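# Inside the fold
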Amino acid sequence: MLKENLVLIGNGMAGVRTLEELLKLAPDAYNITVFGEEPYGNYNRIMLSPVLASEKTIEQIMLNSEQWYVDNGITLHKGKKVEQINRARREVIASDGTVAKYDRLIIATGSLSFMLPLPGADKQGVIGFRDIKDVDTMLEAARNHQHAVVIGGGLLGLEAANGLMKQGMDVTVVHLLDTLMERQLDKPAATMLQKSLEERGMKFLMEHSTAEILGNERVTGIRFKNGTEIPADLVVMAVGIKPNIELGKAAGLHCERGIVVSDTLQTITDPKIYAIGECVQHRGTAYGLVAPLFEQAKVAANHLAKYGIAQYRGTVTSTRLKVTGIELFSAGDFIGNDKTEDLVFKDAASGTYKRLVLQDNKIKGAVMYGDTVDGSWYFEMMKDGTDISAFRKTILFGQHNLGDSGHNPETRVASLPDSAEICGCNGVCKGDIVKAITEKKLFTLDEVRAHTKASASCGSCTGLVESLLAHTVGGEYSATPKTKPLCKCTDYTHDEIRSGILKHELKTMPAVRDHFEWKTPDGCPTCRNALNYYLLCAFPTEYVDDAQSRYINERVHGNIQKDGSYSVVPRMFGGMCTSDQLRAIADVADKYEVPTMKVTGGQRIDMFGIQKEQLPAMWKDLSAAGFVSGHAYGKAMRTVKTCVGSEWCRFGTQDSTGLGVKLEELTWGSWMPHKFKLAVSGCPRNCAEATIKDIGVVCVDSGYELHIGGNGGIKVRVTDLLCKVETEAEVLEYTGAFCQFYREDAHYLERTAPWVERVGLEKVKTAILGDAANRKALYERFLISQQPAQIDPWKARAEGAEANEFTPILIEA
Amino acid sequence: MSKWIEVVELYKIPVLGSRLIKTRDMDIAVFRASDDSVFAVRDACPHRGGPLSQGIVHGHTVTCPLHNWKIDLHTGGALAPDRGCTNVFPVKIEDGKVYLQLVTEDEASAC
Ligand SMILES: Cc1cc2nc3c(=O)[nH]c(=O)nc-3n(C[C@H](O)[C@H](O)[C@H](O)COP(=O)(O)OP(=O)(O)OC[C@H]3O[C@@H](n4cnc5c(N)ncnc54)[C@H](O)[C@@H]3O)c2cc1C
Ligand code: SF4
Ligand code: SF4
Ligand code: FES
């Protein structure tokens, strides 16, 4: 199919975000051309304030470098202003004559600083605050001049004033009203804000209206309506913005305050033309903050990708001020009326003020100054219409109001619900961030930004994101508190359910769900997988595995990769292999045109990029060559890593490779609460890294040290020494007993490291070392459950088991 | 509207499982819930296009195998907090056989 042409006018935050979202959904759908009046790639406009304050550099606020456009096949016409849209010919024409044809067009021209029509407003040194050019002008003025006047005491004006002050200028803010930021703050909060800005050296002329800008070519001063004058070498007008609709208007698109668009962000005049961002008016509202624009971008991209029909229904916005050291938050209707009530907390000495406007016990608006940690919590309840009567008395003290930990942001953020919005600009909620941190193993703020976009725009939520990061990464071991129910489908805990299964001989999943009064008919992915495992562990010879309660990797015995293809790992016991085996693997790789092969961290060979339909045939060939599945994808025993050992190594004390093979022969095929790895090192040099494995054996002259509970994953944990034994037979028995104890005791999805920390090393030692009879019984149970488990799933699939799973249905239509 | 096409016998779809249908234009996943109702959705998760057919079915929902988004099989819409949706196609069961209507993408309903 011929690609359609998509043209974007306006290389700003909303337009480019739309492209980013579109590229995620349908990377190849369009030939994309972008026109931007500014001579740069795409930058984070919000961050101009920190650039002005020298807290950031321009390089740091670039969102997409010019290389990004190249990488994504986008033609960028920077520094070119589009002057005409010819709707009949479907093309746009830029200032330099460049013409681009479109099948679909996005207008994202943003807005313009509103310049007061004062006498003298055209003088040099009178500017708005909108783009890099304005910031350059201000920095230049700060180098050569002293007096700056900012007209407008709103968000933008104060950020400009703060930045200019940081550049060493003498700054006066002129405001028409008697309180600052009147659209975001009530009087007490505004007063506190003004006071702390004054303490920093900012001057204010409240209730002053400008009459004229003085000077010849360059501004020299300002005269007010009351007749007074002050000197000024730079005047920044920050009195508002107006949607930049000239181009749309000239093209005949219906405009009111902004270009009028529908819920799909198409202009109501011409569905081939989308408009997005600050130049837009949607359901009567024109937005001037990024959060709504980003939501619009998602919807427009969804539509452009011809995916479903997402709809934009408007956004409730909240505001924070980006002046370092000043915490300020507001949202909703914070003024109220005669039907509303106020809850107010004010501590002038500590500089803290919070006010909630309530109607029928629901939050209508909020203003906070000094302490804004709970802002997102209030905002969430406001958007959800939560009835707060139950905790009305303590609500002002924040979510973490009881107990002594209330002032530690880390614990506070911990108590937020997963749905709480952390990053307002990008609409990222706590659950998303936590999920990204745990699943993608993120460690730094930058990584979280890259993966979730949280705190990547205005950055006011940086503190919250950092707390969340600290909490999530650091709190890994406490992730399964004892009283927590298994999942939302039940009120019972893992332990209660496991013991109930044995006690009442509940041998099927429906029996368990009946007995424990499950709230959902089929359970959910969390409990189904857990129950399937618990039943299998309890009744290894009787229970019939439920394929539909297994994650895809375990269902098809391969690893799903990011593009939906699979990877396959044949088992190589103890890491040993022969030239025949290598040849067989190479032949299979050739035959199935395996695009990538890799030696894994567990000393096995991984073949990537296999299509699902190919799997059974490939397994057949591997089985024929003597391989069984490596279970490298399951919550199961995976590998036994080995070092060279006494056979060749000059340090080796025992045959670590041989022992590794025996251990793998003993344990392969066993399902576990989580993935499970072993290693054997031939001497304390520990080349097999045995001390970060679930079980590590370190050979010494006099025998074998058994180590348990190690983890080399997200949070590295070195093993605990379980005991020392003298013979290989003992190693096998103790290992089997440990495996079984873990299998029977741990919660599903709990690795040995957090499990040992939760139950305590003593309990493990007692079970395995304290009582030889118990150890032997555990080992015996392990061996029994291994009998049905050591069936190669690949071979079974190759012989036709679950063939439906691998056979797509083809339709010629 | 285009005609109904017989795609598979109901018993050949595992309960709480799916079958993958490949058409010239796209892949479609046909799911069977525990109450034997059947759903057909485009086999591409609204998040990053993950193969929904490979996910775990529960109730009338499927959880995508790549990043755990939950998709409502009636509407194709992602459950909160995620947002987005994939197309759903008309299906019916007659005499134990599942029929699918291959409407164009624009006609296929979505939330
Ligand atoms: C200093 C500052 C601080 C801000 N702080 C915050 C904040 O803390 N939080 C928040 O949510 N929002 C903040 N905002 C607002 C936020 O930056 C805007 O809401 C957002 O940038 C709007 O995105 P947009 O794509 O609609 O417009 P823009 O980002 O302004 O992009 C429009 C682009 O279109 C280009 N253009 C216009 N006409 C044409 C044409 N004819 N041809 C080619 N190109 C054209 C312009 O040059 C511009 O680059 C701030 C804004 C400023 C200026
Ligand atoms: S295999 Fe590598 S990339 Fe994949 S999850 Fe593990 S550590 Fe990350
Ligand atoms: S752990 Fe010891 S025996 Fe094994 S390879 Fe290293 S040095 Fe040799
Ligand atoms: S692709 Fe489905 S959840 Fe990410």
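Residues numbered from 1 in each chain as written. Chains lettered and ligands numbered in written order. Predicted model: local features only at pLDDT ≥ 70, side-chain atom pairs only at ≥ 80, totals over all residues. Heavy atoms only, no water.

An unreviewed UniProt entry annotates chain B as Nitrite reductase small subunit NirD originating from Thiothrix unzii.

Per an unreviewed UniProt entry, chain A carries the name Nitrite reductase large subunit NirB and comes from Thiothrix unzii. Turning to chain A, the UniProt annotation filed under Sequence similarities (unreviewed entry) states: "Belongs to the nitrite and sulfite reductase 4Fe-4S domain family." Within the UniProt record for chain A, the comment given under Pathway (unreviewed entry) is "Nitrogen metabolism; nitrate reduction (assimilation)." (UniProt positions renumbered as here; feature names shortened; annotations may be inferred.)

All names here are of chain A. In this structure, Asn 361 is a non-glycine residue whose phi angle is positive, near 60 degrees. Relative to the elements of secondary structure, Asn 361 occurs in the loop between strand E26 (352-359) and strand E27 (362-369). One non-glycine residue, Gln 603, adopts positive backbone phi at about 65 degrees. Mapped onto the secondary structure, Gln 603 falls in the loop between strand E32 (596-599) and strand E33 (605-610). (Helix = DSSP H or I, 4+ residues; strand = E, 2+ residues; numbered from the N terminus.)

A separate point is the side chain of His175(A). In this structure, His175(A) sits in the loop between strand E13 (170-174) and helix H7 (187-199). Setting aside anything within four residues of it in sequence, one finds His175(A) in contact with Gly152(A), Gly153(A), Gly154(A), Leu180(A), Met181(A), Glu182(A), Leu205(A), Met206(A), Glu207(A) and His208(A). (Contact = heavy atoms within 4.5 Å.)

So, about the sheet that holds E26(A). All names here are of chain A. Overall, antiparallel pairing links the 5 strands, which are arranged E23-E24-E27-E26-E25 in an open sheet. A strand with exactly one partner marks an edge of an open sheet, and here the two such strands are strand E23 (318-320) and strand E25 (341-347). Here the strands of the sheet are splayed against their neighbours by 15 degrees on average, with no regard to which way each runs. Across 7 bridges, E26 lies against E27 in antiparallel orientation. Within the sheet, the bridge partner assigned to Leu 358 lies in E27 and is Ile 363. Along the sheet, H7 contacts strand E24 (328-332), E25, E26 and E27; its crossing angle with E27, the most-contacted strand, is approximately 15 degrees. (Pairing = 2+ DSSP bridges. Axes fitted to C-alpha atoms, helices over the stretch in contact; angles between N-to-C directions.)

What follows is about the nonpolar core. All names here are of chain A. Ranked by internal contacts, the top residues of the largest apolar core, which has 55 residues, are Leu 19, Leu 22, Ile 32, Ile 85, Val 92, Leu 105 and Ile 107. When sequence neighbours within four positions are dropped, the list of residues in contact with Ile 32 reads Leu 6, Leu 19, Leu 22, Leu 23, Gly 73, Ile 74 and Thr 75. Core analysis: the second largest hydrophobic core is formed by 45 residues, Val 150, Val 171, Ala 190 and Met 206 among them. (Core = buried A, V, L, I, M, F, W, Y, C linked by side-chain atoms within 4.5 Å. Buried < 20%, exposed > 50% of the residue type's maximum accessible area, 1.4 Å probe, protein only.)

Right, let's get into the packing of helix H1 (residues 13-25) of chain A against helix H9 (residues 290-304) of chain A. Residue and element names in this part refer to chain A. One way to put it is that H1 packs onto H9 with a least axis distance of 8 Å and a crossing angle of 40 degrees. With respect to their mutual orientation, H1 and H9 come out oblique. Helix-helix and strand crossings are classified by hand; for H1 and H9 the assignment is right-handed. Side by side, H1 and H9 meet where Met 13, Ala 14, Arg 17, Thr 18, Glu 21, Leu 22 and Leu 25 of the first sit next to Val 290, Leu 293, Phe 294, Ala 297, Lys 298, Ala 300, Ala 301, Asn 302 and Leu 304 of the second. (Parallel < 35°, antiparallel > 145°, perpendicular 65-115°, else oblique. Left-handed = near helix turned anticlockwise from the far one by under 90°.)

Residues and elements named next belong to chain A. Among the 10 residues that make up helix H10 (residues 375-384), 8 are buried, leaving the element largely enclosed by the rest of the structure. Along H10, the positions that sit buried rather than exposed are Gly 375, Ser 376, Trp 377, Tyr 378, Phe 379, Glu 380, Met 381 and Met 382. In the stretch just after H10, Gly 385 is the one whose phi turns positive, near 65 degrees.

All names here are of chain A. Read across the open sheet, the 4 strands follow the order E30-E31-E33-E32; overall the sheet is antiparallel. Two strands bound the open sheet, and with one partner strand each, they are strand E30 (559-560) and E32. Pairing of strand E31 (residues 566-568) with E33 involves 2 bridges; the strand directions are antiparallel. Each bridged residue has a counterpart across the sheet, and for Tyr 566 the counterpart in E33 is Ile 610. Packing against the sheet, helix H19 (residues 579-591) makes contact with E32 and E33, and its axis sits at approximately 10 degrees to E33. Packed on one face of the sheet, helix H20 (residues 615-624) meets E31 and E33 and runs near 5 degrees to E31.

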